[in-house]
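# Examination of the molecular architecture
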Amino acid sequence: MDRATLDTLTPDDIAARLSASPEERAAFVLQAAEAGVAEAQAVYGQMLLDGTGVAPDPRAALGWFTKAAAQHHVMGLNMVGRCYDLGWGTAPDKTRAAECYRIAAEQGLDWAMYNYATLLALGDGVVEDKAAALGWLQKAAAMGNAKAINFVGSFHEDGWVVERDMGVAANCYAKAAEGGDFRGQFNHARLLGDAGRIDEALGWLGRVGETATPAFIDKAAAWLAASPVPDFPTRGVAALRSGVR
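Treat the numbers as computed from the prediction; the structure is a model and nothing was measured.

### Regarding the overall build of the protein
- Each helix and strand in the protein was counted, giving 15 helices and zero strands.
- Dimensions of the protein along its principal axes, counting C-alpha atoms only, are 65 × 40 × 30 Å.
- Looking at the protein as a whole, 46% of its 245 residues are labelled buried.
- Excluding contacts between residues fewer than 6 apart, the proportion of contacts in the protein whose partners are at least 24 apart in sequence is 44%.
- As presented, the protein carries roughly 11,900 Å² of accessible surface, and 54% of it is formed by carbon and sulfur atoms.

### With respect to helix 7 (residues 94–106)
- Given a rise of 1.5 Å per residue, 13 residues ought to cover 18 Å, and the 18 Å separating the end C-alpha atoms of helix 7 matches this to within 8%.
- Among the residues making up helix 7, those that are buried are A97, A98, C100, Y101, A104 and A105. Down the axis of helix 7, the smallest arc covering the buried residues is 165°, so these residues share one side. Exposed residues lying more than 90 degrees from the buried face of helix 7 are T95 and E106.
- Looking at the buried residues of helix 7, the elements they touch are helix 6 (74–86), helix 8 (110–122) and helix 9 (130–142).
- G108 lies just past helix 7 and shows a positive phi near 100°.

### Remarks on the environment of G81
- Topologically, G81 is positioned in helix 6.
- Along the chain, G81 and A104 lie 23 residues apart, while their C-alpha atoms are 9.3 Å from each other.
- When sequence neighbours within four positions are dropped, the list of residues in contact with G81 reads A97, C100 and Y101.

### Notes on helix 8
- The terminal C-alpha atoms of helix 8, which comprises 13 residues, lie 19 Å apart, in line with the 18 Å expected from a rise of 1.5 Å per residue.
- Most of helix 8 is tucked away, with eleven of its 13 residues classed as buried.
- If you check which residues of helix 8 are buried, you get D110, A112, M113, Y114, N115, Y116, A117, T118, L119, L120 and A121.
- On its buried face, helix 8 sits against helix 6, helix 7, helix 9 and helix 10 (146–158).

### Some points on the side chain of S227
- By the element assignment, S227 lies in the loop between helix 14 (214–225) and helix 15 (232–242).
- Taking the relative accessible area as the measure of exposure, S227 reaches 8% and is therefore buried.
- Reaching out from S227, the side chain makes a polar contact with the backbone nitrogen of V229 at a distance of 3.1 Å.
- In contact with S227, not counting residues within four places along its chain, are F232 and P233.

### As for the pattern of salt bridges
- Scanning the model with the defined rule gives eleven salt bridges in all.
- Of the charged contacts, one joins K94 and D85 as a salt bridge, the two residues approaching to 2.5 Å between their closest N and O atoms.
- With relative accessibility at 9%, the residue D85 sits in the buried group.
- Residue D231 pairs with R235 through a salt bridge whose shortest N-O separation is 3.2 Å.
- Each of D85, K94 and D124 takes part in a single network of salt bridges with overlapping partners.

About the criteria used
Residues numbered from 1 in each chain as written. Predicted model: local features only at pLDDT ≥ 70, side-chain atom pairs only at ≥ 80, totals over all residues. Heavy atoms only, no water. Helix = DSSP H or I, 4+ residues; strand = E, 2+ residues; numbered from the N terminus. Buried < 20%, exposed > 50% of the residue type's maximum accessible area, 1.4 Å probe, protein only. Contact = heavy atoms within 4.5 Å. Areas by Shrake-Rupley, 256 points an atom, 1.4 Å probe, with all protein chains shown as cover. Expected span 1.5 Å × (residues − 1). Arc of directions from axis to C-beta. Polar contact = N/O pair within 3.5 Å; in protein donor to acceptor, adjacent residues only side chain to side chain. Salt bridge = Lys/Arg side-chain N within 4 Å of Asp/Glu carboxyl O.

These figures capture arrangement, not role.
Here you go:
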């Protein structure tokens, strides 16, 4: 399908193609990507990363993200950064990842702000600059990015470039939890447990596993198992693992 043919499709035609089976949807998105549609190139790259309707192929995913980025697609550029950051389809290159994130962040993408801030906070691929990291996190948080909100909470809990303030940290964690961030949900549950609000904490721990990575679940379970908070080593671990899909 060429670009001219694609342009003749009505919104209903496109919706029908996108509501088909995963394989048919992927085939349609590929056609649009091959026709030069930057959004389709970025979406097809994500499909290749996730194996949605196609066999997983991180190297090919990076290729499509690169094509989208070349058309100034900001999320495509951010995903090029992710590939270099995490070694998806290429050798890891934190410096290159940071440059992609920085450019996308400066163009207003909240996810790039969060990703760039993470590297700045850790000095990973860039010179460590926690003050700059916090600035980017606050910008992303103001846009409603739940992961950034949680990270702002961590800055206040740990006293990184700001005065330690557990009240601010707790508020951030609660907002991040409500926004669906699994780290925020765990941190919120952790502070609820410290406050003796065990049943509320267990409820949030049960939601962590819905979206958390296996590595995070294992780390969180180990922390709960060693916690002095009543019920965390038993019911807490059980609640955490009950939400794993």
